[in-house]
Amino acid sequence: MSEQQYEKYYVPAQSPWPIVGAVALFLIAVGAGNFVIETTKGKDGYGGWTLLAGLAILVIMLVGWFRDQIEESMTGMHSNQLGRSYRQGMSWFIFSEVMFFAAFFGALFYARMIAVPWLGGSSNNAMTNEVLWPGFEAMWPLVKTPGGTTTEAMGWFGLPLANTVVLLISSVTAHFAHVALEEGKRKQLTLFLGVTILLGLGFLVLQVEEYVHAYREMGLMLTSGVYGNTFFMLTGFHGLHVTLGTILLIIMFFRVLKGHFSKDNQFAFQAASWYWHFVDVVWVLLFIFVYIL
Amino acid sequence: MALPRMNNWSFWILPFAFLILLSSLFLEGGGPNFGWTFYAPLSTTYSNDSTALFVFSVHIMGASSIMGAINVIVTIFNMRAPGMTWMKMPLFVWTWLITAFLLIAVMPVLAGAVTMVLTDKFFGTSFFNAAGGGDPVLFQHIFWFFGHPEVYIMILPAFGIISQIVPTFSRKPLFGYASMVYATASIALLSFIVWAHHMFTTGMPVAAELFFMFATMLISVPTGVKVFNWVATMWRGAITFEIPMLFALAFIVLFTIGGFSGLMLAITPVDFQYHDTYFVVAHFHYVLVTGAVFSIMAAVYYWLPKWCGKMYDLGLAKWHFWCSLISVNVLFFPMHFVGLAGMPRRIPDYALQFADFNKWISIGGFAFGLSQLIFLALLIKACRKQGEPATDRVWEGAEGLEWEIPSPAPYHTFETPPVVK
Ligand SMILES: [Cu+2]
């Protein structure tokens, strides 16, 4: 067997973008840290500006990085092996995201099934309740905390249900878009991808409306005890992921309009649609565990 | 690497993230003041403002780790040379694969933990505050769900290194290769269900204490398999005692001591006595310093000639080994006794009866630190390309692709995949 039978290793050209990206993350972390301190403690400083500068550099870096990458891909410089690496890399990235949400789901389950009942005196904690939090009754959703903060529980009917439907449909249209791409039907591809994006944006609008409703009319806030904490952190991080997913899909939309992607060259599109399905699955879990149960 | 640019990015993030953590020391109010475990409420109610910088630097370090780990996994899954089947892979590669999996699984959980600390401290949430329905113990659960796999992240590559070095200098193939792979995988899987052994004294139902006790003790089985296999590899081998082998032998003996004290700590009622004493400090320094750090030194002495093409100064290396070995035991062994006698950790002062032991611990500590200057001198000499040129194979019994290419390896090593038979 001669070595020539094997594909050459993909060795990319030198690129300045990784170190630019590191600088961007540095500014973002420093900026975000200082921004948090300044806004919550009422201090003056440049945290916000540093954060913005970092984000701007990050955007420039991403645009530059992906422009180079797309150019290399369109001129056929990528090996098949690299395509596989990208797909596997994306799957593992999504796995890491799953674990991030798992931490917050874990906090939700712990608070609900262990912390709150214990504070209410269950198991062998009668004295905890009696001495430390007299009069506190365990319940979920926790609308009255041991400290006495009260709030209202968010029902699952109405906006949340509508949002579930919107996201589920968008998952289906994203799938149809992918099928259309596989079959080379460009018009359908554009149509379904466009619909998916609109549904994503619709979801975000409804989500904002839900938050406004929670804050203004229900008194359900991030600070309303552990029910409000888990509610807003889980739905909030999910919303961020929907935002990111929508941005990815919009980029894919413009690339589709430019005639990019084919049956054999579609990693970016696939990655965006995987990400979209992942965001959907997380929402379904959220809907069950945060809203319904 | 499969994704070289991402690898580059993940590398460059680290110095910047470290810079942020370091610079927080000079902030108003001082740096993070809650130890590496940042237990709530120390890190929430009682911490200073630099906590925000701590949180965000941990975030970008986590991003760096995850990117690095994805790269390792994808490279191993996808870029193995033709003929390099799974069960032919060097054990160092296997341990890294499993380590990288652990990293991807637990770094996001750490990110979640620091995020909750951030919002608890600055945005009025009460994940770790009973007044709002949360629980400080929840912090410990989340933290140790990350923290326990994290210590295996540090030790599994060490197991891989030792599994490369011992066969080389015993001139025998590794005993029980397949069992070594399965043992590594089961250690990794078990690491997800033992975290609360760090919390035996913080309050848990008895059933949970029992579960975490037995699950933890179970880990000693695959770990025992490993130690047995290393010893069996040496059995009737033509052993020579080059520097990497010396460190590997020290590793096997001293890591096993650390493993045994770990087994003692795993027993819940006994841990009630040992918890937060110097016995724990002795335990984890035996597994991490004479374990992980010694294996890194072994690895440097094993591969350094391959990296720079020159054999290092053997005299200095011997001095380094013996000084380190003796001083590290003077440093950590007495900690077992003061710990059993009740000296608590994380308290700068101690009762008078511990003074003599602490004197020896201090002497050992300084001696161990100074011994590393020998290592530094050796490395500087090696970097300046002094010494005898190294052959391709370097060690008589070395096996594996890296020993088939020149020392130092050419730029990019292989342009096309080499075929492994
Ligand atoms: Cu542990």
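Remember, it's a predicted structure, so these values are computed and weren't measured experimentally. (Residues numbered from 1 in each chain as written. Chains lettered and ligands numbered in written order. Predicted model: local features only at pLDDT ≥ 70, side-chain atom pairs only at ≥ 80, totals over all residues. Heavy atoms only, no water.)

### Quick word on the packing of helix H7 (residues 220–234) of chain B against helix H8 (residues 243–266) of chain B
Residue and element names in this part refer to chain B.
Moving on, step 1. Direction vectors running N to C along H7 and H8 enclose 155°, while the axes themselves pass 11 Å from each other. Judged on the interaxial angle alone, H8 and H7 are roughly antiparallel. Both H7 and H8 take part in a crossing whose hand is left-handed. When H7 is examined against H8, the residues Ser220, Thr223, Val227, Trp230 and Met234 are found in contact with a partner set consisting of Met245, Leu249, Phe251, Ile252, Phe255, Thr256 and Leu263.
Moving on, step 2. Class assignment for the residues of the contact of H7 with H8 results in nine nonpolar, three polar and no charged. (Axes fitted to C-alpha atoms, helices over the stretch in contact; angles between N-to-C directions. Helix = DSSP H or I, 4+ residues; strand = E, 2+ residues; numbered from the N terminus. Parallel < 35°, antiparallel > 145°, perpendicular 65-115°, else oblique. Left-handed = near helix turned anticlockwise from the far one by under 90°. Contact = heavy atoms within 4.5 Å. Nonpolar A, V, L, I, M, F, W, Y, C, P; charged D, E, K, R; others polar.)

### A closer look at the pattern of salt bridges
Moving on, step 1. One pass over the structure, following the stated rule, counts nine salt bridges over all chains.
Moving on, step 2. Taking the shortest distance from any N to any O, the salt bridge between glutamate 183 of chain A and lysine 185 of chain A comes out at 3.0 Å.
Moving on, step 3. By relative accessible area, which is 49% here, glutamate 183 of chain A ends up partly exposed.
Moving on, step 4. Salt-bridge contacts for aspartate 276 of chain B lead to arginine 345 of chain B; the nearest nitrogen and oxygen are separated by 3.5 Å. Of this pair, aspartate 276 of chain B sits in the loop between helix H9 (268–274) and helix H10 (278–308) while arginine 345 of chain B sits in the loop between helix H11 (314–340) and helix H12 (355–383); the two residues are 69 residues apart in sequence, bridging distant segments of the chain.
Moving on, step 5. Taking the relative accessible area as the measure of exposure, arginine 345 of chain B reaches 16% and is therefore buried.
Moving on, step 6. A single salt-bridge network, built from bridges that share partners, covers Lys41 and Lys43 of chain A together with Asp49 of chain B. (Salt bridge = Lys/Arg side-chain N within 4 Å of Asp/Glu carboxyl O. Buried < 20%, exposed > 50% of the residue type's maximum accessible area, 1.4 Å probe, protein only.)

### Focus: the packing of aromatic side chains
All names here are of chain B.
Moving on, step 1. Under the criterion given, the structure shown has 74 aromatic pairs over all chains.
Moving on, step 2. Plain terms: the ring middles of phenylalanine 175 and phenylalanine 228 are 6.1 Å apart, the flat faces sit at 70° to each other, and that makes the pair edge-to-face. Of this pair, phenylalanine 175 sits in the loop between helix H4 (136–170) and helix H5 (177–190) while phenylalanine 228 is found in helix H7, placing the two residues 53 residues apart along the sequence.
Moving on, step 3. Look at phenylalanine 175 and you get partly exposed, because its relative accessible area is 40%.
Moving on, step 4. Geometry around tryptophan 86 places arginine 80 over its ring, the cationic atom sitting 4.0 Å from the centre.
Moving on, step 5. Sitting over the face of the ring of phenylalanine 122, lysine 121 holds its NZ or CZ atom 5.5 Å from the ring centroid. (Phe/Tyr/Trp six-rings, centres within 6.5 Å; stacked < 30°, edge-to-face > 60°. Lys NZ or Arg CZ within 6 Å of the ring centre and 35° of its normal.)

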